[in-house]
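# Fold and contact review
One letter stands for each residue in the lines below.
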Amino acid sequence: MVALSPIPLIIFLLFLSTDLSNTQAATATAAKEYLKLPLLHKTPLPSPTQTILFDIHRFSHIHRRHQHHQNKKGTIKSPVVSGAPSGSGQYFVELRLGSPPQPILLVADTGSDLLWVTCSACRHNCSYFHSPGSTFLARHSSSFFPYHCFDSTCRLVPRPDPKHCNRTRLHSPCRYQYLYSDGSTTSGFFSKDTTTLNTSSGREVKLENLSFGCGFQISGPSVSGASFNGAHGVMGLGRGPISFASQLGRRFGNKFSYCLMDYTLSPPATSYLIIGDGGDEHNISRNPKMRFTPLLINPLSPTFYYIGIKSVKVNNFKLRIDPSVWSLDELGNGGTIMDSGTTLTFLPETAYVKILTAIKRRVRLPIPAVLTPGFDLCLNVTGETRPKLPRLSFELAGGSPFEPPPRNYYIDTEEAIKCLAIKPVGNEMGFSVIGNLMQQGFSFEFDRDKSRLGFSRHGCALP
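Residues numbered from 1 in each chain as written. Predicted model: local features only at pLDDT ≥ 70, side-chain atom pairs only at ≥ 80, totals over all residues. Heavy atoms only, no water.

## A short note on the overall build of the protein chain
- What the protein chain contains, in helices and strands, is nine helices and 28 strands.
- Residues counted as buried form 57% of the 463 residues belonging to the protein chain. (Helix = DSSP H or I, 4+ residues; strand = E, 2+ residues; numbered from the N terminus. Buried < 20%, exposed > 50% of the residue type's maximum accessible area, 1.4 Å probe, protein only.)

## Brief notes about the environment of Tyr 409
- Mapped onto the fold, Tyr 409 is located in the loop between β22 (401–402) and β23 (410–414).
- By relative accessible area, which is 0% here, Tyr 409 ends up buried.
- In this structure, the C-alpha to C-alpha distance between Tyr 409 and Ala 421, residues 12 residues apart in sequence, is 4.8 Å.
- Every residue in contact with Tyr 409, bar those within four places of it in the chain, is listed here: Pro 390, Arg 391, Leu 392, Pro 404, Cys 419, Leu 420, Ala 421, Ile 422 and Met 438.
- A polar contact of 2.7 Å, which involves the side chain of Tyr 409, links it to the backbone nitrogen of Leu 392. (Contact = heavy atoms within 4.5 Å. Polar contact = N/O pair within 3.5 Å; in protein donor to acceptor, adjacent residues only side chain to side chain.)

## Here's the deal with the sheet that holds strand β24 (residues 417–420)
- Strand order in this open sheet of three strands is β20-β24-β23, and the pairing throughout is antiparallel. Bordering the open sheet on either side are β20 (378–380) and β23, each of which pairs with just one other strand. For this sheet, the mean angle separating the axes of adjacent strands, direction not counted, is 35°.
- Inspection of the sheet shows β20 paired to β24 by three bridges, in the antiparallel sense. Paired with Leu 379 across the strands is Lys 418, a residue of β24. (Pairing = 2+ DSSP bridges. Axes fitted to C-alpha atoms, helices over the stretch in contact; angles between N-to-C directions.)

## Digging into the state of the cysteines
- Considering all chains together, one arrives at five disulfides under this definition.
- Covalently, Cys 149 is tied to Cys 165 through a disulfide, its sulfur atoms 2.0 Å apart. Because the torsion about its S-S bond is 80°, the bridge between Cys 149 and Cys 165 counts as right-handed. With Cys 149 in the loop between β7 (145–146) and β8 (175–179) and Cys 165 in the loop between β7 and β8, this residue pair connects regions lying 16 residues apart in the sequence. (Disulfide = S-S within 2.5 Å.)

## Re the pattern of salt bridges
- For the coordinates displayed, the defined rule picks out seven salt bridges.
- A salt bridge links Arg 96 to Glu 204; the shortest N-O distance between them is 3.6 Å. Of this pair, Arg 96 sits in strand β3 (residues 91–97) while Glu 204 sits in strand β10 (residues 204–219), and the two are 108 residues apart along the sequence.
- The exposure class of Arg 96 is partly exposed, given its relative accessible area of 23%.
- For Glu 204, a relative accessible area of 43% corresponds to the partly exposed category.
- When the shortest N-O distance is used, the salt bridge between Asp 412 and Lys 418 registers 2.8 Å. (Salt bridge = Lys/Arg side-chain N within 4 Å of Asp/Glu carboxyl O.)

## Looking at unusual backbone geometry
- In this structure, Pro 100 follows Ser 99 across a cis peptide bond, with omega equal to 0°.
- Here Pro 100 shows up in the loop between β3 and β4 (102–109).
- Located in the positive-phi region is Asn 209, a residue other than glycine, with phi close to 60°.
- Turning to its location among the elements, Asn 209 is positioned in strand β10.
- Note on Asn 209: relative accessible area 16%, which makes it buried.
- The backbone of Ala 416 shows a phi angle near 65°, a positive value even though the residue is not glycine.
- Relative accessible area serves as the criterion here: at 28%, Ala 416 is assigned to the partly exposed category.

## What to know about the packing of aromatic side chains
- Per the counting criterion, the structure on display carries 18 aromatic pairs.
- Between the aromatic rings of Phe 136 and Phe 212, the centroid separation amounts to 5.9 Å while the plane-to-plane angle is 90°, which identifies the pairing as edge-to-face. Of this pair, Phe 136 sits in strand β6 (residues 136–137) while Phe 212 sits in strand β10; the two residues are 76 residues apart in sequence, bridging distant segments of the chain. Phe 212 carries the same exposure label as Phe 136, and that label is buried.
- Centroid distance Phe 256 to Tyr 305: 5.9 Å. Interplanar angle 70°. Geometry classified as edge-to-face. Remark: Tyr 305 occurs in the loop between β14 (291–294) and β15 (306–307) and Phe 256 occurs in strand β12 (residues 255–259); sequence separation between them is 49 residues. (Phe/Tyr/Trp six-rings, centres within 6.5 Å; stacked < 30°, edge-to-face > 60°.)

## Here's the deal with the sheet that holds strand β21 (residues 392–396)
- Strands sit in the order β17-β16-β21-β22 across an open sheet of four strands; the sheet is antiparallel. The open sheet is flanked by β17 (317–318) and β22, the only strands paired with a single partner.
- Bridge analysis of β21 against β22 gives two bridges, and the strand direction is antiparallel. Looking across to β22, one finds that Phe 394 is bridged to Phe 402.
- Sitting on the sheet, helix α8 (residues 349–362) touches β16 (309–314), β17 and β21, and the angle it makes with β16 is about 20°.

## Points about the environment of Gly 454
- Locating Gly 454 in the fold gives a position in strand β28 (residues 452–456).
- According to the relative accessible area criterion, Gly 454 is buried, its value standing at 0%.
- Excluding anything up to four places from it in sequence, Gly 454 contacts Met 290, Arg 291, Phe 292, Ser 443, Phe 444 and Glu 445.

## Here we look at the pairing of β8
- Alternating positions in β8 separate cleanly, Tyr 176 and Tyr 178 being buried on one face and Arg 175, Gln 177 and Leu 179 remaining unburied on the opposite face.
- Bridge analysis of β8 against strand β9 (residues 185–198) gives five bridges, and the strand direction is antiparallel. Its bridge partner being in β9, Gln 177 is matched across the sheet by Ser 187.

## As for the confidence of the model for the protein chain
- Residues with a pLDDT of 70 or more make up 74% of the protein chain, whose mean pLDDT is 80.
- Note on residues 70–74: pLDDT is under 50 here. Beyond four places in sequence and across chains, it has 19 contacts.
- This model gives residues 81–88 a pLDDT under 50, and the stretch forms 47 contacts once residues within four places in sequence are excluded. (pLDDT = per-residue confidence, 0-100.)

Now the structure itself:
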């Protein structure tokens, strides 16, 4: 995906203080309300090999965006649906956009900034061409308005050809184009409209002037294939000024959190995306068992949420891994990002080899004759109700231990076979990724004002 061009701080502040403040949400903030959005889970389950293929594809996309940057030098609660079982490694959230509101299913993605939806200019007999919820009908919304190409807000998105902007013409919309590493594209008009959300008190609130990409041309597997699994756009939750988290953050405490439930549970539990403090029930920063680690900033990749890893242990034995393997250098290389859109975890090959070797030395279970394609370590757990698997833990910057349970990094690839759900990346890729499988069963709070990530296993089972 093409990275966003850097903009002066004054433009960003002006953008926030004008278009993003004219809303009823000020009342919600005063009342300390928040938004709670259900994160949806999709079926059927994909094969583990498909999951790896989707993840590698996404990882290469993130890497391409990272390279592009280098070359250039009150609260809302919404349910989140897991796309991991579909092989996409993604979670989905419903957004009601327009006047009157139109429901659209979007991928919730901490690894991107742009909020975009599939759009249509259809005016009459639209149900004949589009199934309900599959497309945002721009002409059916009385509050829909595309930005003018000369508007300063238009500078926040990548454009196919900014030279073709005619500042004197009234109808010269801001055109955007996002490119993916496999040639997939989403392009259309960068626009604004009203979104309707329910606050924690049950009150319906309309948030005006939500900026988003109205995509009239969508093509390629990254945005329309099996990995998209029925979604019709992306809710970017990254650190950039146009992300959903940034636009709503100032109105609801400038933080968001989520709890990703184990998608293998039956019946599946509901995960949630919380925009704001979360009140007494969901304010995880007040949890006495909450741990924190700093959110690091990489000026060359400003979208991503970076954390620092200091060391890794296997069964409480600290591995001898050079700390420089995890460091974020002055060229923007290295570091570790938290990504809700990737299923597996990717670690530098130097560290991965030592982790894999340490696990093999400590495991007492047989290795199957044939490994599941794409995995380097698989174990036969036939007859084991509670197999003893080597445990992995990370010491994060600030000294906080991150100790995920074994089910977060050993996955069932076939009957009685468990495989290590961690993949190596070469030094040329430049960074590590903590995927959503490793995050399951934890509440994570991205506090943008304090620039810290809070996490805890306690409270993630709340309905």
